Amino acid sequence: MYIPEEIDKILFTEEEIKKRVSKMGETLTREYAGKNPLFLCVLRGATVFFSDLIRCIAAPLEIDFLRASSYIGSDSSGEVHLETSAIPDVLNRDIVLVEDIVDTARTLSLLTAEIKKRGASSLKTVALLDKPSRRVVKDFKADYTGFEIDDLFVVGYGLDYSQRFRNLPYIGVYKA
């Protein structure tokens, strides 16, 4: 297995991630049985998780993508950059917003407010990782999360450091 020297340790193995994503897919299958939800992937970090998750859902669904970011290297800039013109029509739709990690919660709280404002009939948030110790938007909690983690900078499985390490099949702790 390829472990770059910048990785301190593996936090979640490929197998652990697969099991958890599969369980999340089963839950979402039950939640959206008989509906046709629109799953929105927050680019770029969530793409690997999103792709695996939707393949674990045994129900009709549609997909689209949003671009939002607040990180420069390993630090949050404190500002969320959101392409609001790229948000698809969500009016009267069941929306499932999929993100890689809830850290400060600025990105997801902004996105959820924007989607609600545009008239979604329902909205759920799904995040692979939750890092509550770094929460700035204190009252935000994702509806579904894969793993809760401590205040660590993690990469792999779509998460990056300056666009590197997204291709790792596991989630590792980056040596800062």
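Reference entry: report on the structure contained in this document. (Residues numbered from 1 in each chain as written. Predicted model: local features only at pLDDT ≥ 70, side-chain atom pairs only at ≥ 80, totals over all residues. Heavy atoms only, no water.)

We now examine helix α2 (residues 47–54). Helical periodicity: at 3.6 residues per turn, an α-helix aligns residues three or four positions apart in one direction. F49, F50, L53 and I54 are the residues of α2 that are buried. Each buried residue of α2 lies within a common arc of 115° when the element is viewed along its axis, so the set occupies one face. (Buried < 20%, exposed > 50% of the residue type's maximum accessible area, 1.4 Å probe, protein only. Helix = DSSP H or I, 4+ residues; strand = E, 2+ residues; numbered from the N terminus. Arc of directions from axis to C-beta.)

Formed by 28 residues in total, the largest nonpolar core has its most connected members in F49, L53, V126, L129 and I171. At the level of elements, α1 (14–31), β2 (38–43), α2, β5 (94–102), β6 (122–130), β7 (144–148) and β9 (171–174) are the ones that each hand at least two residues to this core. (Core = buried A, V, L, I, M, F, W, Y, C linked by side-chain atoms within 4.5 Å.)

Checked against the element boundaries, T125 lands in strand β6. Using a relative accessible area of 3% as the deciding quantity, one classes T125 as buried. Setting aside residues up to four positions removed in sequence, T125 forms contacts with L97, L108, T112, F140, K141, A142, D143 and Y144. (Contact = heavy atoms within 4.5 Å.)

Next up on the list: the packing of aromatic side chains. Scanning the model with the defined rule gives seven aromatic pairs in all. Ring centres 4.5 Å apart and planes at 25° place the aromatic pair Y161 and Y174 in the stacked group. Residue Y161 is found in the loop between β8 (154–155) and β9, and its partner Y174 is found in strand β9; the two are separated by 13 residues along the sequence. Exposure remark for Y161: the relative accessible area of 23% places this residue in the partly exposed category. Owing to a relative accessible area of 15%, Y174 belongs among the buried residues under this scheme. Of the aromatic side chains, those joined through ring pairs into one cluster are F153, Y161, F165 and Y174. (Phe/Tyr/Trp six-rings, centres within 6.5 Å; stacked < 30°, edge-to-face > 60°.)

That is the geometry; function is a separate question.
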